Structure formats: C-alpha cells, structure tokens
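# Structural characterization, general
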Amino acid sequence: MTDQSPTPPAIGCSNAPVLKERGQHEVFCGLTGIIWLHRKMQDAFFLVVGSRTCAHLLQSAAGVMIFAEPRFGTAILEEGDLAGLADAQDELEREVDRLLARRSDIRQLFLVGSCPSEVIKLDLSRAAERLSARHAPKVRVLNYSGSGIETTFTEGEDACLAAMVPALPATDDRQLMMVGALPDVAEDQALDLLARIGINNVAVLPARHADAQVGVGPNTSFALTQPFLGGTHSALERRGARHVPAPFPFGEEGTTAWLRAVARDFGIDQSRVDAVIDAPRARARKAVAKAAETLSGKKLFFFPDSQMEIPLARFLTRECGMQAVEVGTPYIHKALVTPDMELLAQGPIIAEGQDVEKQLDRCRAARPDLTVCGLGLANPLEAEGMTTKWAIELVFTPVHFYEQAGDLAGLFSRPLHRRDRLKLEAAE
Ligand code: SF4
C-alpha cells in the first residue's frame, strides 16, 4: 500500500498563542472518573469520602449502573464530622473494615477525596496507609483526590493512576507500558497490533485485576493513550520510566503515528510495522471517509471538558475535513500534546481554562455547525439553534485505534444527521 498520510501543516499550533482564561467554568469534578475506572478495574472499590452532593453526582452520572451492585460508594461526612465533633478518621476506618468484611471480592480500595474532605483536611493518605497495613496482603488501600477544587473531569483518572505508580513493584525488564483506562475491546486490539509488530512484553496501567504483574523501572518505555495523564506521566518518570511522545491514537493517522513511535523506541523496522498495519489502516480510512461526507467543511467549536480536545481537533480537521474555530481545553500539558499540536494547522483559537460567558459569546458569534460541550451547555445551545455533541460520550465509548476510527467520526456526524432529519420531518 502506498503511504497516503497527509503531509503535516506548514505551521502547526505548537507555538500558537494560547488564550488563557480563568473564571466561571462548566465542567465535572474528578469524581466522575470513577464511573469508567470501576468498570475497568474489576476487583477495585472506590469509596468517596464526601457529602450528599458527591453521592448525588455519582448516582446521576452512573445512571442505571447504580442498580447493579456497583463497586463504588460514598462515605457521607455528617455535620458532626464537619464540625470536628466526631473523629472522622476513626469512623472512616471502621466503615472500611465493615465494607471489606462484607465484600470479599475487593482487592484494591481507593479512598477518594472530595471538596468537603479536603476543606476539613481529613488526612486520607494516613488512613490509606493504616488500612493497607491492616488488610495486607489481600487488599491494597490507596488514596487520591477527585475534588472539584483540584480536579476537572478526566483528571480524576490521572490522579487515580498517579496514586498507583509509587506502589508498583520495581522491574528491570525491557517492556512497554500502555497507560490509560481503555475499554477492553480497544485494549485487546492494541495489544494484538503491538504483538504482531513484535512488542510482546506489554504492561497495562490500570490492569483489569490487582494481581496482574505490572512493574516499572529504568527499562520501561511508556506510551499514553489519553492526553489527560500529566500527573501519571510525571510519576512514571520519577520511577525511571521513559515517555514515548506521540500523537494520540485517535483516527487512522493518530493510530499509525502512535504505533510507529512505539516501534521506533523498540528499534523495530518501519517496513515490519507497515506490513502489519496496512490492512487495518485501509479499513479505518474507509470507515472515516463515510462520516467525513457529512463533516467535511463544517465549522467546529470545542468547549473545554476532557483535555481530549486538541487530539480530537487534529483528527476532525485532518481526517474529516472539518474547520476548527476554537479549541478550548481545561489544561494544556505541552509534553503530552505537542505532537498533536504540530499536526493541527494554525488558525483556530487555542483556549486554556474557561470564562464561560465570554466563551459563549465567542461561540454565538462564530455560529459553528457543531459544538462539542458538556451536558450543562448542550441543551441550552440546542435551544438556540446550535448542534451539539456531548463530550462525556467520548470517554465512555470505545474510540481509540483503527477499528474504532469510523465510530469516533460517527459520534460527531450523528448530531448533524439528526438535525437534518428533524428539519426534513418538520418540513413534511
Ligand atoms: S467533589 Fe466537590 S465538586 Fe465534586 S461532587 Fe463533591 S462537592 Fe461537588
């Protein structure tokens, strides 16, 4: 197959000025990460130490999942705890002991900090240490913060994985670590491609089960599958592992560049890689082309939500022919997204952080064909006649690697199709 990779733009966005905004923002807190993390780690339990607000957030975000004996819950801080009348620390430990006695399937327990637990300075790391000592070796207890004060949406996953890194056993093995909680189907495809290229020693973080032997050390190269893993990236480097910078594996181009970067790091010949990826590349390209018929030439506006915005804008502009007007993202971690920014042609406003009223004004003025935003903004914008795509679906749906490239493009073309159909029905 001839290599039909589009050429990189003459000037990418890696040095483009960034509009930094601070103000009112419309985003989830990091607790929401629990919803997809507990599905991935099949013997872990996430215990939020928080208020009724936190419990409500989890219940509404998890939807019907709350009826399926989920592996998450909230230890609700009562007024006595908040006023410092009760020893919250002791009470929490008693609560955990009770939970572990009842649920023998739990092998890892995460104590997840929230705004209230942080404000009253409840020391969850000390609690985790004491509980770990008490329940070792069967259960490991770790802690991280998913509070809205400190974390935005997907940063909850980052905080969770970063908390796991110091506890990983050391290894000198030459290995690849693939980092990021992917749906099993996407993870299996990636492992299969890597094995066929010749990389068999692959550790996955987070692993599906606590007893998977995931070690880390100076001969570990790690590749991220999600752009929001800045804290995990630093924690792995502190353990001596080396980051393989690459565009993120969204779409045909992103997946190809990601695999080639990893293969280069392991000294594998590009011709061997190409022989493996030729057929899946062609399939991905064909699947994306179908959705691109609808997307091509359409104006695109991203509100900040998941930190996936820059790689997705790269995919939608380069592979689907869209025109990005503004790419808003909660945080730009240059060490992670520079390869994507180099491929994203200069032009759109790159915005970091949010002042939602100002951003709404810019969005209304631009009249984009498609606006990617959170649930809080989606319906109000639809009522103003704009077409929206809910950003949260992007973290629940398998969207990585070749076989999902068409589905990923389809997530964006669907709202445009729906709008056209509704218009037609109204006209009939
Ligand atoms: S952690 Fe903070 S932002 Fe998140 S639900 Fe609880 S109180 Fe709200």
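Higher on the page you've got the structure.
Now for a description of the structure that goes with this document.

Each value, and the rule that gives it
- Residues numbered from 1 in each chain as written.
- Predicted model: local features only at pLDDT ≥ 70, side-chain atom pairs only at ≥ 80, totals over all residues.
- Heavy atoms only, no water.
- Near = heavy atom within 4 Å.
- Helix = DSSP H or I, 4+ residues; strand = E, 2+ residues; numbered from the N terminus.
- Buried < 20%, exposed > 50% of the residue type's maximum accessible area, 1.4 Å probe, protein only.
- Pairing = 2+ DSSP bridges.
- Right-handed = clockwise from strand over helix to strand, strands pointing away.
- Axes fitted to C-alpha atoms, helices over the stretch in contact; angles between N-to-C directions.
- Contact = heavy atoms within 4.5 Å.
- Expected span 1.5 Å × (residues − 1).
- Bend = angle between axes of the 7 residues up to and from the residue.
- Arc of directions from axis to C-beta.
- Parallel < 35°, antiparallel > 145°, perpendicular 65-115°, else oblique.
- Left-handed = near helix turned anticlockwise from the far one by under 90°.
- Core = buried A, V, L, I, M, F, W, Y, C linked by side-chain atoms within 4.5 Å.
- Phe/Tyr/Trp six-rings, centres within 6.5 Å; stacked < 30°, edge-to-face > 60°.
- Lys NZ or Arg CZ within 6 Å of the ring centre and 35° of its normal.

## Some words on the site of the ligand
Every residue lining the ligand is accounted for by Cys29, Leu31, Thr53, Cys54, Ser114, Cys115, Pro116, Ser147 and Gly148. Of all the secondary structure elements, the ones that give two or more residues to the shell around the ligand are α2 (52-62) and α5 (115-119).

## A word on the pairing of strand β8 (residues 220-224)
In terms of residue burial, β8 counts as a mostly covered element, since 5 of its 5 residues are buried. The pairing of strand β6 (residues 175-179) with β8 spans 5 bridges and is parallel. When the bridges of β8 are listed, glutamine 175 appears paired with threonine 220. Strand direction decides the pairing type here: β8 and strand β9 (residues 242-243), joined by 2 bridges, are parallel. Paired with phenylalanine 222 across the two strands is histidine 243, which belongs to β9. The parallel pair β8 and β9 is bridged by helix α9 (residues 230-238), and the resulting crossover is right-handed.

## A short note on the pairing of strand β13 (residues 370-373)
Residues Leu370 and Val372 point to one face of β13 and Thr371 and Cys373 to the other, with burial holding for every one of them. Taken together, β13, helix α15 (residues 375-383) and strand β14 (residues 388-390) form a β-α-β motif whose crossover is right-handed.

## Structural notes on the sheet that holds strand β1 (residues 18-22)
By definition, the strands of a sheet pair up through backbone hydrogen bonds, in either a parallel or an antiparallel sense. Spatially, the 6 strands line up as an open sheet ordered β1-β12-β11-β10-β13-β14, and their pairing is parallel. The sheet terminates laterally at β1 and β14, the two strands that pair on one side only. The mean angle between the axes of side-by-side strands here comes to 20°, regardless of whether they run parallel or antiparallel. Here strand β10 (residues 299-302) runs beside strand β11 (residues 323-329); their pairing, made up of 4 bridges, is parallel. Among the inter-strand pairings, phenylalanine 301 is bridged to a residue of β11, identified as glutamate 326. Strand contacts of helix α12 (residues 309-318): β10 and β11, with the helix running at about 170° to β11, the strand carrying the most contacts.

## As for helix α11 (residues 270-295)
In this model, α11 (26 residues) spans only 32 Å end to end at C-alpha, well below the 38 Å of a helix rising 1.5 Å per residue. At isoleucine 277, α11 shows its maximal kink, close to 50°; a proline, proline 280, follows between one and four residues later. At the exit of α11 stands glycine 297, carrying a positive phi of roughly 80°.

## What about helix α14 (residues 356-366)?
What α14 keeps buried is the set Val356, Gln359, Leu360, Cys363 and Ala366. Taken end-on, α14 shows its buried residues confined to a sector of 130°, consistent with a single buried face. Exposed and oriented more than 90 degrees from the buried face of α14 are Glu357 and Ala365. Looking at the buried side of α14, the elements it contacts are β10, β11, β12 (349-354), β13 and α15.

## So, the sheet that holds β8
With parallel pairing, 4 strands are arranged side by side in an open sheet as β7-β6-β8-β9. Two strands close off the open sheet at either side, each with one partner strand: β7 (202-205) and β9. Lying over the sheet, helix α8 (residues 184-197) contacts β6 and β7, oriented at roughly 155° with respect to β6.

## Some remarks on the packing of α12 against helix α13 (residues 334-343)
The geometry of α12 relative to α13 is characterised by a closest axis approach of 9 Å and an angle of 25° between their N-to-C directions. One element, α12, and the other, α13, form an angle in the roughly parallel class. Between α12 and α13 lies a crossing of left-handed hand. Touching Ile310, Pro311, Arg314 and Arg318 of α12 are Val337, Asp340, Met341 and Leu343, all from α13.

## Brief notes about the nonpolar core
Ranked by size, the top nonpolar core spans 105 residues in total, and within it Phe46, Phe110, Met177 and Phe412 carry the most contacts. The leading source of residues in this core is α11, at 8 residues. If near-sequence neighbours (up to four positions away) are discounted, phenylalanine 46 is found in contact with Ile34, Leu37, His38, Met41, Arg71, Phe72, Gly73, Phe110, Val112, Tyr144 and Cys160. Counting residues in hydrophobic clusters, the runner-up holds 20 residues, among them Leu92, Val96, Ile106 and Ala128.

## Topic: the side chain of serine 51
For serine 51, the position within the fold is in the loop between β2 (44-50) and α2. Among the residues examined, serine 51 registers a relative accessible area of 18% and is labelled buried.

## A word on the packing of aromatic side chains
Counted under the stated rule, the structure contains 7 aromatic pairs. Ring geometry for tryptophan 36 and phenylalanine 153: centres 5.7 Å apart, planes at 90°, overall edge-to-face. Of the two residues, tryptophan 36 is situated in helix α1 (residues 33-40) and phenylalanine 153 in the loop between β5 (140-145) and α7 (155-164); the sequence distance between them amounts to 117 residues. Just as tryptophan 36 is buried, phenylalanine 153 falls in that class too. Ring pairing ties together the aromatic residues Phe28, Trp36, Phe153 and Phe396, which thus form one cluster. A cation sits over an aromatic face here: arginine 174 above phenylalanine 266, 3.9 Å from the ring centre.

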